[in-house]
2 protein chains.
Amino acid sequence: MKKSDSFITKENKFKQMKKHQVTIIDIARELGISKSTVSRALSGHPNVHEQTRTKVLRLAEEFEYQRNMFSVNLMRNATLTLGIIVPEFHRSFFPQVIMSAQEAAKEAGYNLVIAQSDENYETEVANTKVMLQYQVDGVLISLTKETQNFDHLKQFERRGIPIVLFNRVCDQIMAPKVIVDDQLGAFAAVEHLIKTGKKRIGHLTGPETLKVCKNRKEGYFDALKKYNIAPDDDLVISYDLNPGKVKIYVNHFLAMEPRPDALFCINDTTAVEVIKHLKIKGLKIPEDIAVVGFSNDSVSTFIEPQLTTVAQPIELLGRTAVSMLIEQIARDPDKWKANTVVLKTTLIIRDSS
Amino acid sequence: MKKSDSFITKENKFKQMKKHQVTIIDIARELGISKSTVSRALSGHPNVHEQTRTKVLRLAEEFEYQRNMFSVNLMRNATLTLGIIVPEFHRSFFPQVIMSAQEAAKEAGYNLVIAQSDENYETEVANTKVMLQYQVDGVLISLTKETQNFDHLKQFERRGIPIVLFNRVCDQIMAPKVIVDDQLGAFAAVEHLIKTGKKRIGHLTGPETLKVCKNRKEGYFDALKKYNIAPDDDLVISYDLNPGKVKIYVNHFLAMEPRPDALFCINDTTAVEVIKHLKIKGLKIPEDIAVVGFSNDSVSTFIEPQLTTVAQPIELLGRTAVSMLIEQIARDPDKWKANTVVLKTTLIIRDSS
DNA sequence: CTGTTAGCGCATTCAT
DNA sequence: ATGAATGCGCTAACAG
């Protein structure tokens, strides 16, 4: 058991390890005043004599005093920190979202605690526990591809901690959500392929369970329908988003009769892998097969030919999610909203189509 | 002032927001026992009747009891969490390090708090404050390219919080460090270029201030020396690692007489940008100019031609840093070590050389 | 403007 | 095996 472990081994050691933390009591004693006054001076309370405040501040600086957030948090039962749980760190997408979220959070006076689930349901659950532990005031979350059970999310609600889902959302949870117009974005991508003369367009997507995949697939079918191209279920393949396996599906597509003349991929990482393998097979892109991705990850301009893709407004996404979360935090739990904000995507046409 | 802001506006609100957290007192009351017993039962203390323990555990589960870490931390003045501060999230390098560090930390019973400095000194300082606030038991840190002053790091030492520097280290701080054999790696890369017949090898590196850059440059010169190639300072250019500016330096290299026939770049992001611009200029890689990078980022296989690069053992790096940190935590501050572990790199020869 | 007091949730003596 | 009492560092209510 972890609990008994730490009980026996760790805790006692630490006590000796860390040096005495300087507290308001130290400052108070040194100045011959009460700790309340010190506290007030430090926290900007109006009712403090300017001279006293100055003295306190100066000494605090000298002592390198640092408020003990645990006692503060313990008092106010709030932490001014937000949590963000992302499914992975492999693509540049989530790190970028985190960066913009961090910025927005900071501007609003919040810290951001980051957790990464490694596309693993168990880890995601563990991460929610961490957030609970840290008593974050709210959490942004994007689900792993495995997540089917959502009890761990409901826990937040029960505790009065608001959450905002983004990118990888689900229908089962009532909460504010920020997504992009995946369906429309996919539609635009496929329409573009059709307009460039492609007739047999394959779609390599992620697990059915991810709503984002479902939406993009809908967009794919919408476009086919609009241009009277008969949909062919054989042309739509779901895979587990493990880049190493893309090769298998590319081979599968290539073995078809007639061969697809375009592939719309669920994301840029997939598209890039597809391109790599198509090139190995000696196919010309986009002449033999066009390829389109989704996200406008940084890799999309590294690959040759540069990737046509559907750009997501990442910066805006992160900021929107944060501001929705902060608004929710300010609301009484019984007045929580559960609206979905849909951000616009942009088709970026490059050389792979 | 931020402080007075939060004093006035935020805190009071929250009190009402969050629902009552279930505490050991709730459980004690419900069971008609004392909170001490509940506490003991929960924390695996031996002196608890098995029946009592079972009852407590069951009720805790039912109530979804969650220990309030702030009170726990307040008590034991330690958090079982580690901090990691990285300079950026743009390359895949740091996210990967984080992932392996997270894994290692978890295995040792620690949580990991992540902070990202955006290559910005002020942000780095702010991040150290955050770590201090969270009372992390130790911190892993890789410096921003701007960091010249190291007082914020010394603060950790003064507080008895050990740190381990990795990748972007500095000489001014006495602390354990984990780096890779940058000099040797660079040497191998440049030697490889020389052996493929290149005679005029340029080096595009980062700011002088980064030791990692200095070391790689040394390796570059070592190789030239070994093969009796006269070093030419014009062929070594430092830049600020802003990928957008790479073009300028590529043009500069191309305008030289005679033109360099190879470029050794400080990292893969740089190398990829270099390749992109060389291709735009119509140069053939590696025939006209060979390019070598450093790190074996995921991009290195996306670019065409695939990038020759020096691979770093990222997984090992993260794990080593964590284990060194945990060892340091276990030591008395006056017995802290300050050893440097150097991990091996591997030259990966692909098509760009 | 300042000091005193109480209490946030918990682990840990010291009793019993 | 259990309960009562104490205190971690801080803020807030109350009393001057």
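Residues numbered from 1 in each chain as written. Chains lettered and ligands numbered in written order. Predicted model: local features only at pLDDT ≥ 70, side-chain atom pairs only at ≥ 80, totals over all residues.

Topic: the overall build of chain A
Logical step 1: Counting its regular elements, chain A contains 14 helices and 12 strands.
Logical step 2: Here chain A has a C-alpha radius of gyration of 26 Å; the compact-globule value for 353 residues is 20 Å, and the former is much larger.
Logical step 3: Its C-alpha atoms put chain A at 90 × 45 × 40 Å along the principal axes.
Logical step 4: Taking all 353 residues of chain A together, the buried fraction comes to 45%.
Logical step 5: In chain A, the share of contacts with a sequence separation of at least 24, taken over all contacts with a separation of at least 6, comes to 73%. (Helix = DSSP H or I, 4+ residues; strand = E, 2+ residues; numbered from the N terminus. Rg over C-alpha atoms; globule rule 2.2 N^0.38 Å. Buried ≥ 20, exposed ≤ 12 C-beta atoms within 10 Å, placed from the backbone. Contact = placed C-beta atoms within 7 Å.)

With respect to the sheet that holds strand β6 (residues 201-205) of chain A
All names here are of chain A.
Logical step 1: Strand order in the open sheet made by the 6 strands is β7-β6-β8-β9-β10-β12, with mixed pairing throughout. Each end of this open sheet is capped by a strand with a single partner; those strands are β7 (236-238) and β12 (346-348). Neighbour-to-neighbour, the strand axes of this sheet turn through a mean angle of 20 degrees, independent of strand direction.
Logical step 2: Pairing of strand β10 (residues 308-311) with β12, which is carried by 3 bridges, proceeds in the antiparallel orientation. From the neighbouring strand, A311 faces β12, where its bridge partner is T346. (Pairing = 2+ DSSP bridges. Axes fitted to C-alpha atoms, helices over the stretch in contact; angles between N-to-C directions.)

Observations concerning the domain arrangement of chain A
Logical step 1: What the domain assignment reports for chain A is domain 1 (3-67), domain 2 (79-180 + 314-342) and domain 3 (182-311).
Logical step 2: Centre-to-centre separation of domain 1 of chain A and domain 2 of chain A, based on C-alpha positions: 33 Å. (Domains from an automatic or database assignment.)

Overview of the protein's contact with DNA strand C
Logical step 1: If you check the shell around DNA strand C, you find 25 residues, and the closest are S36 and H49 of chain A together with T23, S36 and S71 of chain B.
Logical step 2: Secondary-structure elements contributing two or more residues to the surface near DNA strand C are α4 (35-42) and α6 (69-76) of chain A together with α4 (35-42) and α6 (69-76) of chain B.
Logical step 3: For the surface near DNA strand C, the residue count by class is 9 nonpolar, 13 polar and 3 charged. (Near = placed C-beta within 6 Å. Nonpolar A, V, L, I, M, F, W, Y, C, P; charged D, E, K, R; others polar.)

Points about the environment of F221 of chain B
Residue and element names in this part refer to chain B.
Logical step 1: Relative to the helices and strands, F221 resides in helix α11 (residues 211-226).
Logical step 2: For F221, a count of 17 C-beta atoms within 10 Å corresponds to the partly exposed category.
Logical step 3: Residues F221 and V236 lie 15 residues apart in sequence; the distance between their C-alpha atoms is 10.0 Å.

Side note on the nonpolar core
Logical step 1: Among the nonpolar cores identified, the biggest contains 96 residues, and V139 and L140 of chain A together with V139 and L140 of chain B are the most heavily contacted of them.
Logical step 2: Contact partners of L140 of chain B, with chain neighbours within four places excluded, come to L82, I84, A101, V164, F166, A321, V322 and L325 of chain B.
Logical step 3: One finds Y249 and I266 of chain A together with C213 and L263 of chain B within the second-largest nonpolar core, a separate group that totals 77 residues. (Core = buried A, V, L, I, M, F, W, Y, C linked by C-beta atoms within 7 Å.)

Quick word on helix α10 (residues 182-195) of chain A
All names here are of chain A.
Logical step 1: Taking 1.5 Å as the rise per residue, α10 with 14 residues should run 20 Å; its terminal C-alpha atoms sit 20 Å apart, in good agreement.
Logical step 2: Those residues of α10 lying buried are D182, Q183, G185, A186, F187, A189, V190, H192 and L193.
Logical step 3: G197 sits one or two positions beyond α10 and adopts a positive phi of about 95 degrees. (Expected span 1.5 Å × (residues − 1).)

As for the protein's contact with DNA strand D
Logical step 1: Not every one of the 26 residues close to DNA strand D is listed here, only the nearest: T23, S39 and S71 of chain A together with S34 and S36 of chain B.
Logical step 2: Counting only elements with at least two residues in the surface near DNA strand D, the list comes to α3 (24-31), α4 and α6 of chain A together with α4 and α6 of chain B.

So, the environment of E122 of chain B
Residue and element names in this part refer to chain B.
Logical step 1: Inspection of the secondary structure assignment puts E122 in helix α8 (residues 121-133).
Logical step 2: Classification of E122 by C-beta neighbours within 10 Å gives exposed; the count is 11.
Logical step 3: C-alpha separation for the pair E122 and E146, spaced 24 residues apart in sequence, amounts to 9.1 Å.

Here we look at the pairing of β10 of chain A
In regular strands, side chains alternate between the two faces of the sheet.
Logical step 1: In the sheet, strand β9 (residues 290-295) of chain A pairs with β10 of chain A via 4 bridges, with the strands oriented parallel. Across the sheet, F294 of chain A pairs through a bridge with V310 of chain A, a residue of β10 of chain A.

Quick word on unusual backbone geometry
Logical step 1: Each neighbour pair has its own omega, and for I285 of chain A with P286 of chain A the value is 10 degrees, a cis peptide bond.
Logical step 2: Take P286 of chain A: it is sitting in the loop between α13 (268-280) and β9.
Logical step 3: Residue E257 of chain B is joined to P258 of chain B through a cis peptide bond whose omega torsion reads -10 degrees.
Logical step 4: Its place among the elements puts P258 of chain B in the loop between α12 (246-255) and β8 (262-265).
Logical step 5: With phi around 55 degrees, L80 of chain A is a residue other than glycine that occupies positive phi space.
Logical step 6: Of note, L80 of chain A is situated in the loop between α6 and β1 (81-86).
Logical step 7: On the neighbour-count criterion, L80 of chain A (20 C-beta atoms within 10 Å) is buried.

Looking at the packing of α12 of chain B against helix α13 (residues 268-280) of chain B
All names here are of chain B.
Logical step 1: Packing of α12 against α13 leaves a shortest axis separation of 9 Å and a crossing angle of 60 degrees. The angle between α12 and α13 places the two elements in the oblique class. In the crossing of α12 with α13, the sense of the turn from one axis to the other is right-handed. In this structure, α12 uses V246, K247 and V250 to contact α13, whose residues at the interface are T270, E273, V274, H277 and L278.
Logical step 2: Here the residues of the contact of α12 with α13 sort into 4 nonpolar, 2 polar and 2 charged. (Parallel < 35°, antiparallel > 145°, perpendicular 65-115°, else oblique. Left-handed = near helix turned anticlockwise from the far one by under 90°.)

Overview of the pairing of β1 of chain A
Residue and element names in this part refer to chain A.
Logical step 1: Burial analysis of β1 places 6 of its 6 residues in the buried class, the great majority of the element.
Logical step 2: Of the two faces of β1, both are covered, the one formed by T81, G83 and I85 as well as the one formed by L82, I84 and V86.
Logical step 3: Judged from the 6 bridges that link them, β1 and strand β2 (residues 111-116) form a sheet pairing that is parallel. Bridging from a neighbouring strand, T81 pairs with N111 of β2.
Logical step 4: Direction of pairing for β1 relative to strand β3 (residues 138-141): parallel, over a ladder of 4 bridges. Within the sheet, the bridge partner assigned to G83 lies in β3 and is V139.

Re helix α14 (residues 314-330) of chain B
Residue and element names in this part refer to chain B.
Logical step 1: Between its terminal C-alpha atoms α14 stretches 25 Å, which fits the 24 Å expected from 17 residues at 1.5 Å a residue.
Logical step 2: Within the span of α14, buried status applies to I314, L317, G318, T320, A321, V322, M324, L325, Q328 and I329.
Logical step 3: On its buried face, α14 sits against β1 (81-86), α7 (93-107), β3 (138-141), β4 (163-166), β5 (177-180) and β11 (340-343).

Observations regarding the sheet that holds strand β5 (residues 177-180) of chain A
Residues and elements named next belong to chain A.
Logical step 1: Overall, parallel pairing links the 6 strands, which are arranged β2-β1-β3-β4-β5-β11 in an open sheet. At either margin of the open sheet sits one strand with a lone partner, and together these are β2 and β11 (340-343). On average, adjacent strands in this sheet sit at an angle of 20 degrees to one another, irrespective of strand direction.
Logical step 2: The strands that helix α8 (residues 121-133) touches are β1, β2 and β3; relative to β1, the one it contacts most, it runs at about 175 degrees.

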